[in-house]
Amino acid sequence: MATFKLSRRSFCASCVGIAMFGGAENATADQIVLPEGDTRSPIMARYFPDRVHEFVWRNWNAVGPAKLASVLGASVADVTNIAKSMGLPPAIPVPIDMKERGYVTILHRNWHLLPYEQLLQLVEMTPERLDFALREDDFLWLKLGGLKPKCEPLRYQPPDEAGRRRAAEIRRIVETDFGEEIYRSGEPRFEFFRKLSTLPSTGTSQSVPAQAAPLRIVYPYGIAYGEPLLDPKLNTYSEGLLERLATTGANGIWLQAVLRNLAPGGKTFPEFGNGSDTRLASLRTLVDRARRHGIGVYFYLNEPRAMPEAFFKTRPELAGVHEDGFATLCTSQPVVRKWIADALAYVFSNVPGLAGISTITASENLTNCASHYHADQCPRCRTRTDTEIITELVATMEEGIHRANPGANVIVSDWGWRRHGDSVDIIQRLPKNVWFLSVSEWAKPIERGGIKNKVNEYSISAVGPGPRAARHWTAARECGLKTVAEVQFNNTCECASLSYLPVMDLIAEHIHNLEPFKLDGMFIGWTQGGYPSPNFEIARQMTLSQDPTSESVLDGLARDRYGSEGAPRARKAWSLMSEAFRQYPFDIDVVYTAPVQIGPANPLYSFCTGYRATMWGFPYDDLEGWRGPYPPEVFAQQFDRVADAWQPGAEDLKAAVEMAPENRREAVKGDLRFAQAAGIIFKSTANQARFILAREVLAKPLWDSLNGQPAEVRQQQLAELKRCLKSEIELARQLFVIAHEDSRIGYEPTCQYFFLPLDLVEKVINCRWLLAQYDDPGFN
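What counts, and at which threshold
- Residues numbered from 1 in each chain as written.
- Predicted model: local features only at pLDDT ≥ 70, side-chain atom pairs only at ≥ 80, totals over all residues.
- Heavy atoms only, no water.
- Helix = DSSP H or I, 4+ residues; strand = E, 2+ residues; numbered from the N terminus.
- Rg over C-alpha atoms; globule rule 2.2 N^0.38 Å.
- Buried < 20%, exposed > 50% of the residue type's maximum accessible area, 1.4 Å probe, protein only.
- Contact = heavy atoms within 4.5 Å.
- Axes fitted to C-alpha atoms, helices over the stretch in contact; angles between N-to-C directions.
- Parallel < 35°, antiparallel > 145°, perpendicular 65-115°, else oblique.
- Nonpolar A, V, L, I, M, F, W, Y, C, P; charged D, E, K, R; others polar.
- Salt bridge = Lys/Arg side-chain N within 4 Å of Asp/Glu carboxyl O.
- Arc of directions from axis to C-beta.
- Phe/Tyr/Trp six-rings, centres within 6.5 Å; stacked < 30°, edge-to-face > 60°.
- Lys NZ or Arg CZ within 6 Å of the ring centre and 35° of its normal.
- Pairing = 2+ DSSP bridges.
- 1 Å grid on protein atoms, 1.4 Å probe; cavity = no way out; pocket = protein on both sides within 12 Å on 5 of 7 lines; lining within 4 Å.
- Points joined across faces, edges and corners; volume = space filled by probe spheres on them.
- Polar contact = N/O pair within 3.5 Å; in protein donor to acceptor, adjacent residues only side chain to side chain.
- Right-handed = clockwise from strand over helix to strand, strands pointing away.
- Disulfide = S-S within 2.5 Å.

Engineer: I tried to follow the overall build of the protein on my own but got confused; where do I start?
Structural biologist: Scanning the protein from terminus to terminus reveals 25 helices and 15 strands. Relative to a compact globule of 780 residues, whose C-alpha radius of gyration would be 28 Å, the protein shows 26 Å and is just as compact. Counting only C-alpha atoms and orienting by the principal axes, one finds that the protein spans roughly 75 × 65 × 55 Å. Expressed as a percentage of the 780 residues in the protein, the buried residues total 63%. In the protein, the share of contacts with a sequence separation of at least 24, taken over all contacts with a separation of at least 6, comes to 79%.

Here you go:
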C-alpha cells in the first residue's frame, strides 16, 4: 500500500513532508490507495467488554444509532441495548454539523477501531474524499500518526455472560460517579456556531475600507479548514460571525487555498482547474459578504504544491526535488513561474475584490526546491541560493496578483526561512511593494523549571517580541516594506481546545511591547485563535485608541464585562492566571504532543503502548515525546506549578462572575468555564506524567528498583499511581460538567472536537478499572 509523510508546522528543525496534491478527489475509486504507513495492531480499551461495546460508547450521540447499526451489521435495537447496558443516556438527534464539520472527530475516535472500509461507511465518504481529507485537511494524516492501525472488520455479536457482567459494572460506575448529571440536557456540539451566526444585538462595526491600515487579519472561528468554497451557500461564513469579528477590530479574514484548484493550467497543466468555477463563484460571494462588514478576504498560499512523480512522466524537465514519491514544480523553470503568475492574475481578475494573500515559502508543504532545505538535489537549483529561489518566487506571485489588482496586499512570511534562522538578506531582496510578516515571539529566550530554551512555536506564556522578529521587522522597515506581526491573543497550541484563555495581562503586555516597532498590521493567530473574544477587545482598544495604557484598558474591560463591583476581582484573577501561565514548560514538542489539548480525556494504560505521540492527535502514553527538553520530573513539576498558581485566579474569577450584573453574567460564565477547564487540563497533564513515571518504576525488576529497597519503593510508586488515578477521576468529572454545558470546550477548527463530554465519562471508567487492577492482590 502507498505510504506518505506530512510535514507539521516546524515540528523539528529539519521537518520534511509530502506535498498535498489536488486531483485525488477527481480520481476513480480503483485508483485510490488509502495510506497505511507502518501499520501495527490497534490499541484496545481493555476496560470495555469488547470492541463492539467500545465502538458504541465512542460514537454514542456523535453518530446516530441507525448508522452505528448499519456499520456493525446489527439492528438499532441491538445497538441501543448495548448503550443502555453501559448506562449511556438515551439517544438524541445528532447535529448535522457533526457530519458535515465533525468528520475529523469521528475519524479520530474510530482510528483504532475500524478498518478503512467501515470508516468510509461511518463518515459517509468516498475513498477519493477521504484520501483528499487525509492529505489536505491541515496535515490530518500526520495528526493521526502517519499510520493506520490494522483493525479487523467489526461485526455485531450478542454479548456473552462475561460481556453483560462487565457492561453492568460500567453502568454502576456511570450511575455512581455521574448520577443524574449524565442524563441532563447539555449544549449540543456546534451550538456555539449557531450563536455566533446570529447578529449581535448591540454594537455594529464601523464602515471602513476593508484594506485600511492597520490590518487585523484572523481565521474565522468555527470554519472547517478543508474546502469551504465548495459550499455555494457559504453558510459557515455567516453575517453574524463576520459582524462579531468586525466589532472586535478584525478587518481581514483568511482561508487556505490550493492554487491549482482555483485556476486552469492551460496547455501546460491541463489537469489543473477542476472545480475552479465553483470555487471562484463562492469566493466572490464571500468577498461581497465580508465587504459589507468592513472585512477583506485573504488567501493563505503555500505554492506551488509538489505533485506525484507520475505527473512528471511527460514533463520530466519540470521536476525539481524529489521526496516520498512527489517532486517539486521547479520554480527555476520559467514555464512554472509563468503558470503561477498567470493563475494568480486569473484569480484576482475573476474576484476583483479579493484583498490579498499571505504566503509561506519554506517548511510546511513541499513547494519550491528550497522549501525543505534540499535545493542541492535539484539539477537547476543546486547552483542557486535559497535567497534567490524564494525571492524569485515571491516576485512571481507579486507580479501576477498586482497585474490584476494593483491594490491587493501580498503578505510574505519568514516562517521556516533558514529553519527559522536569520534571514535579513532574503528580506532585502523582496519586492518593495509586499508586506513582511514575522511571528512576534519567535526565538525569545525563556527559562522554565531551570531549563533554558527558546520559543519555537506560537506562544502566549512567553511574551514577545523575540529577537528574530525584532531584527527582521527593522530590516524590512529599512527596505521600505510594510511590516506585520503574527501574534496570538486567544490561545495557541499551549491549550488550543479552549476558545480563549483569560490571561489578559499577558495580551496587554505583548501589545504594549510591539508599540515601538510601529507595525502596519497584525496577523492574529493561526486556525485556533479566531474566536471574537474579550482578548481581541484588548487588542482593538490598545491599537486603535489614543495612547491608552495597559492598565486603563484592562480596568475598562473588567468594568464592561463584570461591572464596577466585580471588576477588581476579575482584574486580580487575570493577573494571577497570567503569572501562573508564565511557568508553562514551553517547547514545540510539549505543545504538539503532550495531552495539553485534551487533559483528562486522554486514557491511561497499565502497560506501555509503544505508540509515539502525534501532533495534535493522540498523546498516547509517550512521556518521552511530550516532555521536549524538560526532564520528566521537571515537566510534571512545571505543570503542577501552573495548575496550582492558576487555581486562585480561577476562584477570584468565580467571585467576579457572581458579582457581575445579571445581564452580563451569561457571557462572563464563559470566561470562568475556560479558566476552570484550563486549570483542569494543566493539572491532568502533570498527573499523567507522574502516572507514567510511577508505572515505569513498577515495570522494572525488583532488584532494579531505587535505593535498594524494592518493597518500599514499589509501595510508594503504587500509592502514587492510585493518587494520580483518583485525581484524574475527579478532574474528569469536573471537566465533564463544564464541557457538557459549553459546546466550545474541546473544539478547534482543524481538529474539530479534540474530545467530547462522554470521553470524560470513559476516563472515569478507565481509571476505576485500573484502580481495580492495582488493588488486586495478584498485582501486589
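Engineer: Help me out: how do you make sense of the environment of V33 in this one?
Structural biologist: Following the sequence through the fold, V33 ends up in the segment before helix 1 (51-59). Along the chain, V33 and P89 lie 56 residues apart, while their C-alpha atoms are 39 Å from each other.

Engineer: Teacher, can you tell me more about the packing of helix 2 (residues 65-72) against helix 3 (residues 76-85) here?
Structural biologist: Think of two packed helices as two axes; the pair is described by the angle between the axes and how far apart they sit. Two elements in contact, helix 2 and helix 3, have axes separated by 8 Å at closest approach and are oriented at 105°. With respect to helix 3, the axis of helix 2 lies roughly perpendicular. Of the residues in helix 3, those touching helix 2 at P65, A66, L68, A69 and L72 are V76, V79 and T80. Considered class by class, the residues forming the contact of helix 2 with helix 3 number seven nonpolar, one polar and no charged.

Engineer: Is there a simple way to think about the pattern of salt bridges in this case?
Structural biologist: Where charged atoms of side chains with opposite charge meet at close range, the side chains can pair. Taken as a whole and assessed by the stated rule, the structure comprises 56 salt bridges. Among the ionic pairs, E124 bridges to K99, the shortest N-O distance being 2.7 Å. One end of the pair, E124, is in the loop between helix 6 (116-123) and helix 7 (127-136); the other, K99, is in helix 4 (residues 96-101), with 25 residues separating them in the sequence. What you see here is one network of salt bridges that share partners, running through E633, D640, D644, K683 and R690.

Engineer: Even after reading the chapter, I still don't get helix 3, so can you show me in this structure?
Structural biologist: Since there are 3.6 residues in each turn of an α-helix, residues three or four apart along the chain are aligned in direction. All buried positions along helix 3 are accounted for by V79, I82 and A83. Here the buried residues of helix 3 occupy an arc of 100° about the axis, which is enough to place them on one side. On the buried face of helix 3, the contacting elements are helix 1 and helix 2. In the segment just after helix 3, G87 is the residue with positive phi, at about 85°.

Engineer: Help me out: how do you make sense of the packing of aromatic side chains in this one?
Structural biologist: Describing an aromatic ring pair means giving the distance of the ring centres and the angle of the ring planes. With the rule as written, the count across this model stands at 47 aromatic pairs. Seen in terms of ring centroids, Y584 and F639 are 5.1 Å apart; in terms of plane orientation they differ by 75°. Their pairing is edge-to-face. Separated by 55 residues along the polypeptide, Y584 in the loop between helix 19 (550-581) and helix 20 (588-593) and F639 in helix 22 (residues 632-659) bring together distant segments of the chain. Judged by relative accessible area, which is 0%, F639 ranks as buried. Here the aromatic residues F190, F192, F193, Y221, Y500, Y531, F674, Y747 and Y753 are joined through ring pairs into a cluster of three or more. The positively charged end of R40 is found above the aromatic ring belonging to Y611, 4.9 Å away from the centroid. Its end group placed over the ring of F193, R101 keeps NZ or CZ at 4.1 Å from the ring centre.

Engineer: What should I look at first to understand the sheet that holds strand 6 (residues 326-329) in this one?
Structural biologist: Strand pairing in a sheet is mediated by backbone hydrogen bonds. Such pairs are either parallel or antiparallel. Taken in spatial order, the three strands line up as 4-6-5 in an open sheet, and their pairing is antiparallel. Strands with a single pairing partner mark the edges of an open sheet, and in this sheet they are strand 4 (307-308) and strand 5 (319-323). Here strand 4 pairs with strand 6 via two bridges, running antiparallel. In the strand pairing of strand 6, P308 is matched with F326.

Engineer: Help me understand empty space enclosed by the protein in this model?
Structural biologist: The method is simple in principle: a probe with the dimensions of a water molecule rolls over the atoms, and the space it marks as empty is what remains. Applying the stated rule across the entire model yields eleven cavities of 30 Å³ or more. There is about 440 Å³ of room inside the largest cavity. Looking at the largest cavity, it is lined by 25 residues, and the ones nearest its centre are R58, H108, A601, P603 and F618. For the lining of the largest cavity, the elements supplying multiple residues, two or more each, are helix 1, helix 5 (103-110) and helix 25 (757-775). Residue contributions to the lining of the largest cavity peak at four residues, all from helix 25.

Engineer: Explanation requested: unusual backbone geometry in the structure shown.
Structural biologist: Most of the time, phi is negative for any residue but glycine, and the peptide bond is trans. The linkage connecting E303 with the following residue, P304, adopts the cis geometry, with an omega of -10°. Relative to the assigned elements, P304 resides in the loop between strand 3 (296-301) and strand 4. Following G464, the chain continues to P465 via a peptide bond in cis, the omega torsion being 5°. Here P465 shows up in the loop between strand 11 (451-454) and helix 16 (467-478). In this structure, R419 takes a positive phi of about 50° despite not being glycine. Here R419 is to be found in the loop between strand 8 (409-413) and helix 15 (424-428).

Engineer: I keep staring at the side chain of N456 and nothing clicks. Help me out?
Structural biologist: Mapped onto the fold, N456 is located in the loop between strand 11 and helix 16. A distance of 3.2 Å separates the side chain of N456 from the side chain of D587, its partner in a polar contact.

Engineer: Would you take a moment to explain the pairing of strand 13 (residues 521-524) for this structure?
Structural biologist: Along any regular strand, the residues point their side chains to alternate faces of the sheet. Residues G521 and F523 point to one face of strand 13 and M522 and I524 to the other, with burial holding for every one of them. Of the pairings in the sheet, the one linking strand 1 (residues 215-218) to strand 13 comprises four bridges and is parallel in character. The residue of strand 13 that forms the bridge with I217 is F523. Bridging between strand 12 (residues 482-487) and strand 13 involves four bridges; their strand directions are parallel. The residue of strand 13 that forms the bridge with A485 is M522. Handedness of the β-α-β unit built from strand 12, helix 17 (residues 504-514) and strand 13 comes out right-handed.

Engineer: Can you help me understand the sheet that holds strand 9 (residues 435-439) in this one?
Structural biologist: Strand order in the closed barrel formed by eight strands is 1-2-3-7-8-9-12-13, and the pairing between neighbours is parallel. Within the sheet, the average angular offset between the axes of one strand and its neighbour, ignoring direction, is 25°. Direction of pairing for strand 3 relative to strand 7 (residues 356-359): parallel, over a ladder of four bridges. Each residue of the ladder has a partner; that of Y300, found in strand 7, is S358.

Engineer: Could you clarify how one ought to interpret the state of the cysteines in this entry?
Structural biologist: Disulfide: a covalent bond formed between the sulfur atoms of two cysteine residues. Applying the stated criterion across every chain, the model contains zero disulfides. As a non-bridged cysteine, C151 has C608 as the owner of its nearest cysteine sulfur, 19 Å distant. Take C151: its relative accessible area is 8%, and that puts it in the buried class. With no disulfide partner, C608 has as its closest neighbouring cysteine sulfur the one in C724, 17 Å distant.

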